[in-house]
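Structural overview for review
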Amino acid sequence: MKFPNLRQKRGTVLIISMWIMVILALFAFGLGHRAFIELRLTRYYRDKIKADYLAEAAIVRAQFELSKDTNEYDSLNERWGNGFDSQKQEYIFKDIKLKDGTYTVSYKLSEEGAEPLTIYGISDEERRLNINKCADNKFIRQALVILLSSIRVDNPDKLVNSLIDWIDLDKKTQEGDSEEDFFKNDALRCPQELLDVLSFYYYKKETLSKEEAEQKAKDIFSKIKDNITVWGDGRVNINTTSRTLLKTLFSICLVNNVENLTESELDNLIDKIISFRQGPDRQEFSEDDNCFTKPDAGYIIDTIGSYTQILTTGQRNAISFVSANQLISVKSNNFCIKATGKVNNLSRTKKVVILKATPKELLFYQNE
């Protein structure tokens, strides 16, 4: 029997040792990689929590700013609106440093034919049309029909009727038939619920496929979302609303045959209101902006007339009509705060809507 010599034994031990070292190295590498991943996850969750709290801090800061606004009107050039401290010449809501991160309060402002503008401030809900009110206010219903027509929606009357059936308390459709069982028969709790109404309408009434109906709903909602809300008493703040919605509101006058008012005079009236609001620099959200302090027709007519030029009879009648039917106001009570906290490269955004009252009431809360 032949036994391996000493040299052969040493070679075998060396090979086994090398394999053991390779295995240990792979094991150590695996442990190190896992530890690295866990460390990154820990940092991510730590930064996420910090960013969440920064966003919460921004909301509290915004509420504090709103609490200092005690006048009887609201306009875009106030501190809550433009987020600018004129004394210190600095923004109060833009990239505010707080310990390990920053917070920002901002929103996107979109006007037809213009690039979206980032506003570092708080948005009031009264600048939008409360679609929940269309069930019991025919003028708001007309305004919503006009708004939908402006984006070339087919059969806007039928679509609005479907919305009314969705939110009114009775069990009959606008045509007198029995409503579907899944109609909510209650007010919308947030604007995004309109997507359900639109999807239902195009799926059931227009017989589109489910996918087509959902896409159609998203397309329409994306075009009107900046001009609609579900909060407020139905009156629109003439100081803060968009040009699009301002024209929509005053177009009600044409539908109701207000005397001596033509479409060209209506467009001219909107230009005059916007020009008054912008002030000398022709820009809104700036210090020299003007605003209306009362919703009275006589006051508005005199104010615009003294700033630009005398209004025509039709234009005066239009202002009197929207004022008499309580479609406009100069005060806002519901505010949307969109706050973002950022730590390193991680950001967290929260959106709340609050009723500015005593005490404040939280109407909506969303993590985005």
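Grouped together as the largest cluster of nonpolar side chains are 67 residues, with contacts concentrated most on Leu144, Leu163, Leu188, Leu194, Ile220, Phe250 and Ile319. With eight residues, helix 3 (residues 138-150) is the single largest residue contributor to this core. Apart from the residues within four sequence positions on either side, Leu194 is in contact with Ile131, Leu163, Leu188, Phe221, Ile224 and Ile228. Within the second largest apolar cluster, 19 residues are counted, among which are Leu66, Ile92, Phe335 and Leu346.

Structurally, Leu54 can be placed in helix 1 (residues 6-67). Considered as a pair, Leu54 and Arg348 are 294 residues apart in the sequence and their alpha carbons are 8.5 Å apart. Excluding anything up to four places from it in sequence, Leu54 contacts Leu98, Gly101, Thr102, Tyr103, Gly341, Lys342 and Val343.

A separate point is helix 7 (residues 243-255). Look at helix 7: 19 Å from first C-alpha to last across 13 residues, which is about the 18 Å you get at 1.5 Å a residue. Of all the positions in helix 7, only Leu245, Leu246, Thr248, Leu249, Phe250, Ser251, Ile252 and Cys253 are classed as buried. Positive backbone phi, approximately 55 degrees, marks Asn257, located one or two places after helix 7.

Every buried residue belonging to helix 9 (residues 297-307) is among Ala297, Ile300, Ile301, Thr303, Ile304 and Gly305, and all of these are buried. On its buried face, helix 9 sits against helix 8 (263-278), helix 10 (313-324) and strand 11 (328-329).

Definitions and cut-offs
Residues numbered from 1 in each chain as written. Predicted model: local features only at pLDDT ≥ 70, side-chain atom pairs only at ≥ 80, totals over all residues. Heavy atoms only, no water. Core = buried A, V, L, I, M, F, W, Y, C linked by side-chain atoms within 4.5 Å. Buried < 20%, exposed > 50% of the residue type's maximum accessible area, 1.4 Å probe, protein only. Helix = DSSP H or I, 4+ residues; strand = E, 2+ residues; numbered from the N terminus. Contact = heavy atoms within 4.5 Å. Expected span 1.5 Å × (residues − 1).

This is a description of form; function is not addressed.
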